[in-house]
Amino acid sequence: MSNIYIETYGCQMNFADSEIVASLLQKEGHSVVTDIEQADYVLINTCAIRDNAEQRIRKRLRELRALQGRHKQLRIGILGCMAERLQSQLMVEEENVSFVVGPDAYRRLPAILQQVRQQGTKASETELSTTETYADIEPVRLGSNGISAYISIMRGCQNYCAYCVVPYTRGRERSRDPETIVAEARSLFDQGYKEVTLLGQNVNSYRFSSNGREVDFPELMHRVAEISPLLRVRFATSHPKDLSDKLLEVMASHSNICKCIHLPVQSGSDRMLKLMNRHYDSAWYLDRIAAIRRYMPDCSITTDVIAGFCTETEEEHQMTLEMFRKVRYDYAYMFKFSMRPDTYAAKHLQDDIPEAEKTRRLEEIIALQGEIALENNRKEIGKTFEVLVEGESHRSKEQLFGRNSQNKVIVFDRGDAKPGQYIMVKVTDCTAATLKGVRVQ
Ligand code: 5AD
Ligand code: SF4
């Protein structure tokens, strides 16, 4: 039996997948190790969303050559989105890779390890599935704090945003049986976990039918939230085109469903949104923001945005800034457009915004968002929040950190508080990224 070292890049979905991979391999008697020097196999779970994500993996593969020089038996396998996108071509380009396995083929991993070891051949398994959800696999929580865990509730995406490679790397959308999701959440709670995050590329289109009855995402959230008021429930990601009032109602009516919505806007310009194939315009988006605020005035809102998509004008970039000023996001993931092979954009549009211009636009968005986040955080000073304590602050051993329902990090003096506890903290100070506070009764 072998020692497996798993390295994960990319989104939360990928981290959840690595936990499924660990489980599948442990079941066959392999061990997951945390010291790469002990490894017989290094598995790299990769991301393909932007070119720089892929360049980072290629750099890592070059670094690993030294390790392979020292450990002749070591084999490297590539999993995830880059494996799916490049398939066996990746093993031609990167000679030190022995196998590639796409996101829907992880059940084949034990057999592939055996093949690579015994026959000394290379292997590629990249078939996508319309049904695989790994529903029966209980993930091995890797690097877990024992407090929060991810639960993958659906896989794939078929929205085909013009810029996005995900439909090609993760296949058709499919939802996992709700019974298995609720059981996984309950088992985590019984083990002492206090927070679960339900994951999918577009959770609002979660839908599972069995025996003629359909469970949708709001109902699933309701069922998970009912497990215990002491189990916090989060989710990611929602697509604005189908963020329903029904979901907002369910969120508002459960105090343990966290008041935080990630709603990727991508652009503030209607022409860009249409070209991106997003199926909403800025008015629709702002209507959804108003609905969130109506149901939950204290809900935090975060977003993703792309600077410099094909043919974006200065005026359209300004519309994105305007959108940021209107919504006043609590946090944003901000990216320069990166052309991805196979996408609609690659086939039909020109990547015509010069790199320096993309950088300038991105920096403008980042600067504005920094100001907004700081102003938003200043408004929290004086308020008291329930905080789930997660661990020691990175800055000082004397301090702990946790998050409030809005997913904001709060740092406070340790006292006798312990990770995993819910405590009340009054905010006394802040930066753009963190709140500081004192424990109160
Ligand atoms: N270039 C830049 N950003 C992208 N994203 C997706 N595809 C691209 C791309 N080709 C961003 C989107 C998405 C987030 C996960 O990554 O903002 O919401
Ligand atoms: Fe996640 Fe998308 Fe990156 Fe795949 S390409 S790891 S789905 S962010």
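Our structure is the block above this text.
Attention in this report is confined to the structure presented alongside it. Note that this is a predicted model, so its numbers are computed, not measured.

Description of the overall build of the protein chain
Next up, step 1: Within the protein chain, the regular secondary structure consists of 14 helices and 21 strands.
Next up, step 2: Its C-alpha atoms give the protein chain principal-axis dimensions of about 65 × 55 × 55 Å.
Next up, step 3: Within the protein chain, buried positions represent 54% of all 441 residues.
Next up, step 4: Sequence separation of at least 24 residues holds for 72% of the intrachain contacts in the protein chain that already meet a minimum separation of 6.
Next up, step 5: Counting every atom, the protein chain has about 19,200 Å² of accessible surface; 49% of that belongs to carbon and sulfur.
Next up, step 6: If you average the places of the 59 positive and of the 61 negative side-chain charges in the protein chain, the two averages end up 2 Å apart.

Re the site of ligand 2
Next up, step 1: As a structural note, the neighbourhood of ligand 2 is formed by Cys11, Asn14, Cys47, Ala48, Ile49, Cys81, Val166, Arg170 and Gln201.
Next up, step 2: Residue composition of the shell around ligand 2, by class: six nonpolar, two polar and one charged.

Here's the deal with the site of ligand 1
Next up, step 1: Within the structure, ligand 1 sits among Ile49, Arg50, Tyr163, Gln266, Asp304, Ile306, Phe335, Lys336, Phe337, Ser338 and Arg340.
Next up, step 2: One of the backbone N or O atoms of Tyr163 is found 3.1 Å from a nitrogen atom in ligand 1.
Next up, step 3: In isolation ligand 1 has 410 Å² of accessible area, and contact with the protein removes 87% of it.
Next up, step 4: Contributing elements (two or more residues each) for the shell around ligand 1: strand 15 (300-307) and strand 16 (331-336).
Next up, step 5: Here the residues of the shell around ligand 1 are counted per class, giving five nonpolar, two polar and four charged.

Considering the sheet that holds strand 19 (residues 409-413)
Next up, step 1: Read around the closed barrel, five strands run 17-18-19-21-20, paired in mixed fashion. Recorded for the sheet is a direction-independent mean angle of 55 degrees between the axes of neighbouring strands.
Next up, step 2: Two strands pair when backbone bridges link them, and strand 20 (residues 422-430) and strand 21 (residues 435-440) are joined in this way by six bridges, in the antiparallel orientation. Looking across to strand 21, one finds that Asp429 is bridged to Lys436.

Regarding the packing of helix 11 (residues 282-295) against helix 12 (residues 314-327)
Next up, step 1: Relative orientation of the contacting elements helix 11 and helix 12 amounts to 15 degrees, with a least axis distance of 11 Å. Between helix 11 and helix 12, the angle falls in the class roughly parallel. The hand of the helix 11/helix 12 crossing is right-handed. Contacts between helix 11 and helix 12 involve Ser282, Tyr285, Leu286, Ile289 and Arg293 from the first element and Met323, Lys326 and Val327 from the second.
Next up, step 2: Here the residues of the contact of helix 11 with helix 12 sort into five nonpolar, one polar and two charged.

Some details on the nonpolar core
Next up, step 1: Judged by nonpolar contacts, the single largest core of 53 residues is most densely connected at Ile153, Leu198, Phe217, Leu220 and Val224.
Next up, step 2: Here the element with the most residues in this core is helix 8 (residues 217-225); it accounts for five residues.
Next up, step 3: For Phe217, the contacting residues outside a window of four places in its chain are Ile153, Leu198, Val203, Asn204, Tyr206, Phe235 and Leu247.

Quick look at the pattern of salt bridges
Next up, step 1: Within the structure shown, the criterion is met by 43 salt bridges.
Next up, step 2: Between Glu54 and Arg340 there is a salt bridge, and its shortest N-O distance comes to 2.9 Å. Pair noted here: Glu54 is in helix 2 (residues 51-70) and Arg340 is in the loop between strand 16 and helix 13 (344-348), with a separation of 286 residues, a long-range link.
Next up, step 3: Taking relative accessible area as the criterion, Arg340 reaches 3% and is therefore assigned buried.

Here's the deal with the packing of aromatic side chains
Next up, step 1: Counted by the stated rule, this structure contains nine aromatic pairs.
Next up, step 2: Between the aromatic rings of Tyr280 and Tyr285, the centroid separation amounts to 6.0 Å while the plane-to-plane angle is 35 degrees, which identifies the pairing as tilted. Taken as a pair, Tyr280 and Tyr285 share a single burial class, namely buried.
Next up, step 3: Ring pairing ties together the aromatic residues Tyr163, Phe309 and Phe337, which thus form one cluster.
Next up, step 4: Above the face of the Phe335 ring, Arg50 is positioned so that its terminal group lies 3.6 Å from the ring centre.
Next up, step 5: Sitting over the face of the ring of Trp284, Arg288 holds its NZ or CZ atom 5.8 Å from the ring centroid.

Observations regarding unusual backbone geometry
Next up, step 1: Between Ala236 and the following residue, Thr237, the backbone shows a cis peptide bond with an omega angle of 0 degrees.
Next up, step 2: Checked against the element boundaries, Thr237 lands in the loop between strand 13 (232-236) and helix 9 (245-252).
Next up, step 3: Positive phi outside glycine occurs at Asn211, with the angle close to 50 degrees.
Next up, step 4: Of note in this structure, Asn407 is not a glycine but carries a positive phi near 75 degrees.
Next up, step 5: The topology assignment puts Asn407 in the loop between strand 18 (399-403) and strand 19.
Next up, step 6: Classification of Asn407 as partly exposed rests on a relative accessible area of 31%.

Regarding the sheet that holds strand 15
Next up, step 1: The parallel open sheet is built from three strands, whose spatial order is 14-15-16. Edge positions in the sheet fall to strand 14 (260-262) and strand 16, since each has one partner strand and no second. Across this sheet, the average inter-strand angle for adjacent strands is 10 degrees, counted without regard to direction.
Next up, step 2: Here strand 14 runs beside strand 15; their pairing, made up of three bridges, is parallel. Bridge pairing links His262 to Thr302 in strand 15.

Details of helix 9
Counting along an α-helix, one turn takes 3.6 residues, and residues three or four places apart therefore face a common direction.
Next up, step 1: Within helix 9, burial applies to Leu247, Leu248, Val250 and Met251. Buried positions in helix 9, seen along its axis, are confined to an arc of 160 degrees and lie on one side of it.
Next up, step 2: Buried residues in helix 9 make contact with helix 8, strand 13, strand 14 and helix 11.

Each value, and the rule that gives it
Residues numbered from 1 in each chain as written. Chains lettered and ligands numbered in written order. Predicted model: local features only at pLDDT ≥ 70, side-chain atom pairs only at ≥ 80, totals over all residues. Heavy atoms only, no water. Helix = DSSP H or I, 4+ residues; strand = E, 2+ residues; numbered from the N terminus. Buried < 20%, exposed > 50% of the residue type's maximum accessible area, 1.4 Å probe, protein only. Contact = heavy atoms within 4.5 Å. Areas by Shrake-Rupley, 256 points an atom, 1.4 Å probe, with all protein chains shown as cover. Lys, Arg positive; Asp, Glu negative; His and termini not counted. Charge placed at Lys NZ, Arg CZ, Asp CG, Glu CD. Near = heavy atom within 4 Å. Nonpolar A, V, L, I, M, F, W, Y, C, P; charged D, E, K, R; others polar. Polar contact = N/O pair within 3.5 Å; in protein donor to acceptor, adjacent residues only side chain to side chain. Pairing = 2+ DSSP bridges. Axes fitted to C-alpha atoms, helices over the stretch in contact; angles between N-to-C directions. Parallel < 35°, antiparallel > 145°, perpendicular 65-115°, else oblique. Left-handed = near helix turned anticlockwise from the far one by under 90°. Core = buried A, V, L, I, M, F, W, Y, C linked by side-chain atoms within 4.5 Å. Salt bridge = Lys/Arg side-chain N within 4 Å of Asp/Glu carboxyl O. Phe/Tyr/Trp six-rings, centres within 6.5 Å; stacked < 30°, edge-to-face > 60°. Lys NZ or Arg CZ within 6 Å of the ring centre and 35° of its normal. Arc of directions from axis to C-beta.

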